[in-house]
Every structure is written in C-alpha cells, then in structure tokens.
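# Residue-level structural notes
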Amino acid sequence: MITAFVVFPIEWMSLWFRLPFMLLIADIRQGLFYFVLFAFWLIFADEHLNENKSYRTLMDYWRNLLFITIASVALLVYDICERGMQLSNPFFSIWSSDIGSNFALATIYIASICTSTRSAMFGPRSNKNALNASVNRRL
C-alpha cells in the first residue's frame, strides 16, 4: 500500500489544478520511501547475518521497527510544521522564532537519538557460538 502511494503519479494532477501542497506530499512520499527502505535493510541484513538459519517473524523485529517508526514520525512532524506553514506563507521558516527552532531541534534530536539507540542496542549481535565457530573454521 505504501509503495503504491509512493509510485502513483499525483504530480499529473497539477497540470489541470492548482495544488500548492505538492511539496508537502512529495516530502511525505519521500519519508515513506525511506521508512520502507530502512525497514527492508534492517530485516534483510539481519536475516543474512543470522548464523543459525532459523526463520524469524516480523514480531522479532518490533524493537528495531519501533525506533525506525519513531524517528520517521519525528521527521514527518518537523516536515509538516515547516512545509505546512509555507503553504500559507511561502517565506516562513520554522527557524525564525525561538519556539519554532527549539521544536525543530527537538524533533531532529529525537530522530537522531532513535536511530543511534537502535544501532547501539540492536546492531550486530555478539554471539559467542558464532565467534567460536568462525575461529574453529580458521584452525
């Protein structure tokens, strides 16, 4: 469903109608694409790093997907605040006020913390059996 939304040529509608929200839709589509891409990389890389060849379900990745979702939602909120206000005032910048810049920094920091926490907590697994097996193969 998400890929159908990303691929659908909604820009064609702008040939016949005035659509000032096209930049916002393009940013939402790009965010959805990156969310799906990061989730795919996460699952694909983990399945190939899995030494014991046991199949995992989607529920095994819930922590990782939760951090990716939180980071994506935080960046979506930032983007909606920035681009959404530019629909009515094209010269608006969220960075021009103290409250807006603090809000923008908070959403960016939340997204950064979620991605770095995901990498630190759930990155490459240190499996002693896999390490011993690779050492024994070399000998």
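Conventions and cut-offs
Residues numbered from 1 in each chain as written. Predicted model: local features only at pLDDT ≥ 70, side-chain atom pairs only at ≥ 80, totals over all residues. Heavy atoms only, no water. UniProt positions renumbered as here; feature names shortened; annotations may be inferred. Helix = DSSP H or I, 4+ residues; strand = E, 2+ residues; numbered from the N terminus. Buried < 20%, exposed > 50% of the residue type's maximum accessible area, 1.4 Å probe, protein only. Contact = heavy atoms within 4.5 Å. Areas by Shrake-Rupley, 256 points an atom, 1.4 Å probe, with all protein chains shown as cover. Phe/Tyr/Trp six-rings, centres within 6.5 Å; stacked < 30°, edge-to-face > 60°. Expected span 1.5 Å × (residues − 1). Lys, Arg positive; Asp, Glu negative; His and termini not counted. Salt bridge = Lys/Arg side-chain N within 4 Å of Asp/Glu carboxyl O. pLDDT = per-residue confidence, 0-100.

Looking up the chain in an unreviewed UniProt entry gives the name Wntless-like transmembrane domain-containing protein, with the organism given as Steinernema carpocapsae. Quoted straight from UniProt, the Subcellular location (unreviewed entry) entry for the chain says "Endosome membrane".

The next point concerns the overall build of the chain. Looking only at helices and strands, the chain features five helices and zero strands. Counting helices and strands in the order they occur from the N terminus, the chain gives α-α-α-α-α. Split into buried and exposed, the 139 residues of the chain put 22% on the buried side. Looking at the chain alone, contacts between residues at least 24 apart form 54% of all its contacts between residues at least 6 apart. Roughly 10,500 Å² of accessible area belongs to the chain as shown, and the carbon and sulfur atoms make up 69% of that amount.

Tracing the sequence through the fold places Asp27 in helix α2 (residues 22–49). Here Asp27 falls in the buried class, since its relative accessible area comes to 16%. When neighbours within four sequence positions are excluded, Asp27 is seen to be in contact with Asp79 and Arg83.

Aromatic ring pairs are described here by two measures, namely the spacing of the ring centres and the angle between the planes. Going through the model one piece at a time under the given rule, you end up with five aromatic pairs. Judged by centre distance (5.6 Å) and plane angle (55°), the ring pair of Phe33 and Tyr34 falls under tilted. When its relative accessible area of 37% is taken as the criterion, Tyr34 is described as partly exposed. Between Phe38 and Trp41 the ring centres are 5.7 Å apart and the planes differ by 45°, which places this aromatic pair in the tilted class. Here the residue Phe38 and the residue Trp41 both occupy positions in helix α2, the gap between them amounting to three residues, near one helical turn. Its relative accessible area of 38% is what places Phe38 among the partly exposed residues. Aromatic rings pair up to connect Phe33, Tyr34, Phe38 and Trp41 into one cluster.

Our next topic: α2. Along its 28 residues, α2 runs 40 Å from first to last C-alpha, staying within 8% of the 40 Å computed at 1.5 Å per residue. Of the residues making up α2, those classed as buried are Met22, Leu24, Ile25, Asp27, Arg29, Ala39, Leu42 and Asp46.

Another point: the side chain of Asp79. Counting through the fold element by element, Asp79 comes out in helix α3 (residues 62–88). Buried and unpaired, Asp79 has no salt bridge, with Arg83 as the nearest side chain of opposite charge at 4.2 Å. Apart from residues lying up to four places away in sequence, Asp79 is in contact with Leu24, Asp27 and Gly84.

Another aspect to go through is the confidence of the model for the chain. Put simply, the chain has an average pLDDT of 77, and 76% of its residues get 70 or more. Looking at the elements of the chain, mean pLDDT is at its lowest for helix α5 (residues 128–138), recorded as 49, and at its highest for α3, recorded as 86.

Let's shift gears to the pattern of salt bridges. Under the definition given, this model contains one salt bridge. We note a salt bridge from Arg83 to Asp27, for which the minimum N-O separation is 2.6 Å. Placement of the pair is Arg83 in helix α3 and Asp27 in helix α2, with a sequence separation of 56 residues. Judged by its relative accessible area of 26%, Arg83 is partly exposed.

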